[in-house]
Amino acid sequence: GLGDFGWLGYDLTNLGFQLRGPGDVAVIGVGGGRDLLSALAFGSRRVTGIEVNGLFLRLLTRDLRAFAGLADRPEVRLVHAEGRSYLAGREDRYDLIQMALVDTWASTSAGAMTLTENGLYTVEAWKVFLGRLKPGGILAVSRWYSPQDPGETARLLSLATATLLSQGAAAPRQHLALAAAGRLSTLLVGRDPLTGADVARLRAVGRRSGFDFLVLPDVDPPYSQLAAIVGARNAGELAAATRHPFLTLSPPTDDEPFFFNMLRPTAWWGGGFSPARAGGVIEGNLRATESLLAILAAVALLVVATLVVPLVARGRDHGLAPAGFVAAAAYFSLIGLGFMLVEIGLMQRFSVLLGHPIYSLAVTLMLLIVSTGLGSLASDALAARSRALLAVPLVLALALAALPWVLGATVPLAAARGLAAKIVLIALLTVPLGLLLGLCFPLGMGLLRSRAPAAMSWMWGLNGAFGVLGSALAVLVSMSLGISRCFWLAAACYLALALPILALRSPLRARSTMPGEPALHEPRPMRAAP
């Protein structure tokens, strides 16, 4: 029973415990242990606490073990793992999976946009969660709620509806219950339709604890958009129900895992959207947008100051005719932009697989750095083959165009595997791309070295400038259009290299020269470095 913890019955995040009572429970995001305490207070027989932050587990099992008293309970098992990955790799079944206020939007508010992807709030993740429930089992998810603008609540409902539709549910509304109290809401998603006894029990809890039910199988939501979302019977109806001029309410997927990024680009410059009444996660999105635009402006200014100005100060003695300079500039700018689109896209996609952005940052960057370095070494063997200049970008473009489908087919296979197996898969996908990416820069430089060595510093600077700017652009593309669009845009960049390559391979017309100066299309002697 509740004993001395009767106040837990008035905590909306515990609604799932009150519905299912004693049973087997999995808690995603242990934190300080409040959900574990709730599970024990409501008589749960077996409680598995899953926490990705090892510091919390250290506090509960070592530093504050005696004070908390949770690690010594025989019903409790603490696991250091990411919730989705752990459940995907297990065959255990639960009466309740609890996920209360897991993840903040602090990264979004701070403008750390590449750290905001979240693998816990996607259709693929919730399919895993529902698949780990016993018959009649419940997934309980608590998030913030704003009565004025229930945007986050609407997106949570669209995620639940899309997941249920993908699982074959004929009427998703029959599986859902949504309660609110103040600024908090709790969504209950049943693996099976909620029974009449379930609804009666929820009503009784609501009357006793002061909870308002916004969604029940026999209750019409107070907002028309929420009603349309839970009433959707197919993907088309759900897409129509989630349309909004300023907010993204569509269900997040692994290709667009940015649950907390809800503000559409059309709202960035106003257009009728009121930031003053946004609040919650939407206010965080507004702050993040301002931060990202400020970062983009600062990066552009720094690029101009540190790269463009010094290059211009050297004068125009780059040794290329105007057409040749434009072709070379296009080549090195495109590979700088394309590379960053691939790098950012891979890091964000693999972040969902590995369960944490930092893991993806370390693994993906390491593999790309090593493989592109090896590709650069291999470029010497291809430099003498003129066909390689066209073949490499073409093969790379085809590989990048197909990459979203390859990821979609292979990544789910590794979701239930351990960290080592996931890293192996990432290596198999990343290293071949890295080898091809590493060839492009040295092959282009080799082409210039034989024609206009003085232009090499210009091209190096332009490549760096577009690489820096491309990183910000890649974040905007992935968060606004999806990670797949990053790969397709990168494929277009590498495919477009054919035009400057053909221009650079043709005989270059020299600029007029001073008497006694060698023609600029002829190779100039290069002094050995001291």
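Please read these numbers as outputs of a predicted model, since none were measured by experiment. (Residues numbered from 1 in each chain as written. Predicted model: local features only at pLDDT ≥ 70, side-chain atom pairs only at ≥ 80, totals over all residues. Heavy atoms only, no water.)

Chemist: Is there a simple way to think about the side chain of D254 in this case?
Modeler: Topologically, D254 is positioned in the loop between α11 (235–241) and α12 (280–313). Looking at D254, its side chain comes within polar contact range of the side chain of T122, at 2.9 Å. Those residues in contact with D254 that lie beyond four places of it in its chain are R84, T122, E124, R349, V352 and I483. (Helix = DSSP H or I, 4+ residues; strand = E, 2+ residues; numbered from the N terminus. Polar contact = N/O pair within 3.5 Å; in protein donor to acceptor, adjacent residues only side chain to side chain. Contact = heavy atoms within 4.5 Å.)

Chemist: Quick question: what am I supposed to make of the pattern of salt bridges here?
Modeler: Two side chains bearing opposite charge may form a pair once their charged atoms approach each other closely. Tallying each qualifying case throughout the model produces 16 salt bridges. R58 serves as the salt-bridge partner of D63, at 3.5 Å between the closest nitrogen and oxygen. The partly exposed category is assigned to D63, whose relative accessible area is 45%. Here R58 falls in the partly exposed class, since its relative accessible area comes to 39%. Residue D220 is joined to R173 by a salt bridge in which the shortest nitrogen-to-oxygen separation is 3.0 Å. Of the two residues, D220 sits in the loop between β8 (212–215) and α10 (224–230) while R173 sits in the loop between α8 (151–166) and β6 (176–181), which places them 47 residues apart along the sequence. Sharing partners across several salt bridges, the network here consists of D24, R45, R46, D95 and K134. (Salt bridge = Lys/Arg side-chain N within 4 Å of Asp/Glu carboxyl O. Buried < 20%, exposed > 50% of the residue type's maximum accessible area, 1.4 Å probe, protein only.)

Chemist: Where do I start with the nonpolar core in this structure?
Modeler: A general feature of soluble globular proteins is that nonpolar side chains tend to end up buried together. Of all hydrophobic cores here, the largest spans 64 residues; its most connected members are F332, I335, L396, L400, L448, M459 and Y494. Looking at this core, the elements that each hand over two or more residues are α13 (322–354), α14 (357–383), α15 (386–414), α16 (419–449), α17 (456–481), α18 (483–495) and α19 (498–505). Residue contributions to this core peak at 17 residues, all from α13. Core analysis: the second largest hydrophobic core is formed by 51 residues, A26, W126, L130 and L226 among them. (Core = buried A, V, L, I, M, F, W, Y, C linked by side-chain atoms within 4.5 Å.)

Chemist: I tried to follow the side chain of T48 on my own but got confused; where do I start?
Modeler: Take T48: it is sitting in strand β2 (residues 46–51). Leaving out residues up to four positions away in the same chain, T48 has contacts with V25, A26, V27, R77, V79, Y86 and Y94.

Chemist: Looking at this model, I keep getting lost on a nonpolar patch on the surface. Mind explaining?
Modeler: A surface patch of nonpolar side chains, about 400 Å² in accessible area, is lined by V52, I358, Y359, L361 and L419. Summarising the element assignment, Y359 is placed in helix α14. Taking the relative accessible area as the measure of exposure, Y359 reaches 36% and is therefore partly exposed. (Patch = residues over 30% accessible without salt bridge, like charges linked within 9 Å, V, L, I, M, F, W, Y side chains within 5 Å. Areas by Shrake-Rupley, 256 points an atom, 1.4 Å probe, with all protein chains shown as cover.)

Chemist: Would you explain the packing of aromatic side chains in this entry?
Modeler: Given two aromatic rings, their pairing is described by the distance between the two centres and the angle made by the two planes. Using the criterion set out here, one finds six aromatic pairs in the structure. Each ring, one from F17 and one from F42, has its centre 6.1 Å from the other, and the planes form 5 degrees; the classification is stacked. In this pair, F17 is assigned in helix α1 (residues 15–20) and F42 in the loop between α2 (34–41) and β2, connecting sequence segments 25 residues apart. For the pair formed by F17 and F42, the shared burial category is buried. Between W405 and W488 the ring centres are 5.5 Å apart and the planes differ by 40 degrees, which places this aromatic pair in the tilted class. Highlighted residues: W405 in helix α15 and W488 in helix α18, separated in sequence by 83 residues. One aromatic cluster in this structure is built from Y331, F332, F441 and W460. (Phe/Tyr/Trp six-rings, centres within 6.5 Å; stacked < 30°, edge-to-face > 60°.)

Chemist: Please clarify how α18 should be interpreted in this entry.
Modeler: Each full turn of the α-helix corresponds to 3.6 residues, which orients residues three or four apart in the same direction. Between its terminal C-alpha atoms α18 stretches 19 Å, which fits the 18 Å expected from 13 residues at 1.5 Å a residue. If you check which residues of α18 are buried, you get I483, S484, C486, F487, A490, A491, C493 and Y494. (Expected span 1.5 Å × (residues − 1).)

Chemist: Help me out: how do you make sense of the sheet that holds strand β1 (residues 24–28) in this one?
Modeler: To summarise the sheet geometry, strands pair through backbone hydrogen bonds and adopt either a parallel or an antiparallel arrangement. The mixed open sheet is built from eight strands, whose spatial order is β3-β2-β1-β4-β5-β7-β6-β8. Strands at the two margins of the open sheet, each flanked by one partner only, are β3 (76–80) and β8. Across the sheet, the axes of successive neighbouring strands diverge by a mean angle of 20 degrees, strand direction being ignored. As paired strands, strand β4 (residues 94–100) and strand β5 (residues 133–144) are joined by six bridges and run parallel to one another. Following the sheet pairing, A100 is matched in β5 by S142. (Pairing = 2+ DSSP bridges. Axes fitted to C-alpha atoms, helices over the stretch in contact; angles between N-to-C directions.)

Chemist: Where do I start with the environment of L70 in this structure?
Modeler: Tracing the chain through its elements places L70 in the loop between α4 (65–68) and β3. Residue classification places L70 among the buried positions, given a relative accessible area of 7%. In the structure, L70 is positioned 30 residues away from L40 in sequence and 9.2 Å away in space, judged by C-alpha atoms. Among residues more than four places away in sequence, those in contact with L70 are G33, L36, L37, L40, L60 and V76.

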